[in-house]
Amino acid sequence: MTDANNPFAMMMAQAQEMAKAFNPALAGASTQAMEKLWPTMTKDMMEMSFGKGASKEGLDAKTRLLLTLAGLTMQGAQNETQIRMTVRHAVEAGATKDEVTESIAQMSMFAGLPAMTRAMEFANEVLQDSKEAQT
């Protein structure tokens, strides 16, 4: 059911209807299912693609991804897929669970507690999944 007072819910419902019109098989598509299509890049690939492009002494991939995570947290819960992917990439680039959670927690002062809490939920799910995959 779509909440008429929630523009994000209305937009998502419209997008799902549009996807269903283009291809009926997309009726059950979810953002979490889409995440599985994007594999985690290796640290070397991230460095080559995103890091140290302007300067040899520039930020490394891990730092860039933690900054990206902070920015996504600021933008709020509409970035669920991007937050999850960025957490996976940050861990691949060497970020620890503490670094990920601290990057998100720092944004509580700027983005507010609801945005920080939601981003933390997304991150914890990813971190739990990666921990289970390692064991």
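1. Examining the overall build of the protein
Then comes step 1: The helix and strand tally for the protein stands at eight helices and zero strands.
Then comes step 2: The helix and strand sequence of the protein, counted from the amino end, reads α-α-α-α-α-α-α-α.
Then comes step 3: Across the 135 residues of the protein, 30% fall into the buried class.
Then comes step 4: Across the protein, the fraction of contacts at a sequence separation of at least 24, relative to all contacts at a separation of at least 6, is 61%.
Then comes step 5: Working note: accessible area of the protein is about 9,000 Å², and carbon and sulfur atoms make up 59% of it.

2. Considering the environment of methionine 109
Then comes step 1: Tracing the backbone shows methionine 109 in helix α7 (residues 108-111).
Then comes step 2: Judged by its relative accessible area of 70%, methionine 109 is exposed.
Then comes step 3: In the structure, methionine 109 is positioned 35 residues away from methionine 74 in sequence and 9.8 Å away in space, judged by C-alpha atoms.

3. A look at the pattern of salt bridges
Then comes step 1: For the structure shown, the criterion picks out four salt bridges.
Then comes step 2: Residues arginine 84 and glutamate 80 are paired through a salt bridge, measuring 2.9 Å at the closest nitrogen-oxygen approach. Residue arginine 84 and its partner glutamate 80 are located together in helix α5 (residues 80-92), separated by four residues, close to a single helical turn.
Then comes step 3: In this structure, the salt-bridge partner of glutamate 125 is arginine 84, at a minimum N-O distance of 2.5 Å. Here glutamate 125 is found in helix α8 (residues 113-134), whereas its partner arginine 84 is found in helix α5, with 41 residues between them in sequence.
Then comes step 4: Residue arginine 84 is classed as buried on the basis of its relative accessible area of 5%.
Then comes step 5: Counted as one network, the salt bridges with shared partners bring together Glu80, Arg84 and Glu125.

4. Some thoughts on the nonpolar core
Then comes step 1: Of all hydrophobic cores here, the largest spans 19 residues; its most connected members are Leu69, Ile83, Val87, Val100 and Ile104.
Then comes step 2: Looking at this core, the elements with two or more residues in it are α4 (61-75), α5, α6 (97-105) and α8.
Then comes step 3: Of the residues forming this core, the biggest block, seven residues, is contributed by α8.

Criteria and cut-off values
- Within each chain, residues carry numbers counting from 1 in the order of the written sequence.
- The predicted nature of this model means local features are confined to residues of pLDDT at least 70 and side-chain atom pairs, given and counted, to a pLDDT of 80 or more, with totals for whole chains, interfaces and linings taken over all residues.
- Hydrogen atoms and water are omitted, and side-chain values are computed over all heavy atoms in the structure.
- Elements are defined by DSSP. Helices are runs of H or I of four residues or more, strands are runs of E of two residues or more, and each kind is numbered from the N terminus.
- Accessible area is worked out with a 1.4 Å probe on protein chains only. A residue is then buried under 20% of its type maximum, exposed over 50%, and partly exposed in between.
- We call two residues in contact whenever any of their non-hydrogen atoms come within 4.5 Å of each other.
- Under the convention used here, a 1.4 Å probe and the Shrake-Rupley method define accessible areas, while residue burial counts only the protein chains that appear.
- Criterion for a salt bridge: a side-chain nitrogen of Lys or Arg within 4 Å of a carboxyl oxygen of Asp or Glu.
- Throughout this description, the term nonpolar core refers to a set of buried Ala, Val, Leu, Ile, Met, Phe, Trp, Tyr and Cys residues connected via side-chain atoms within 4.5 Å.

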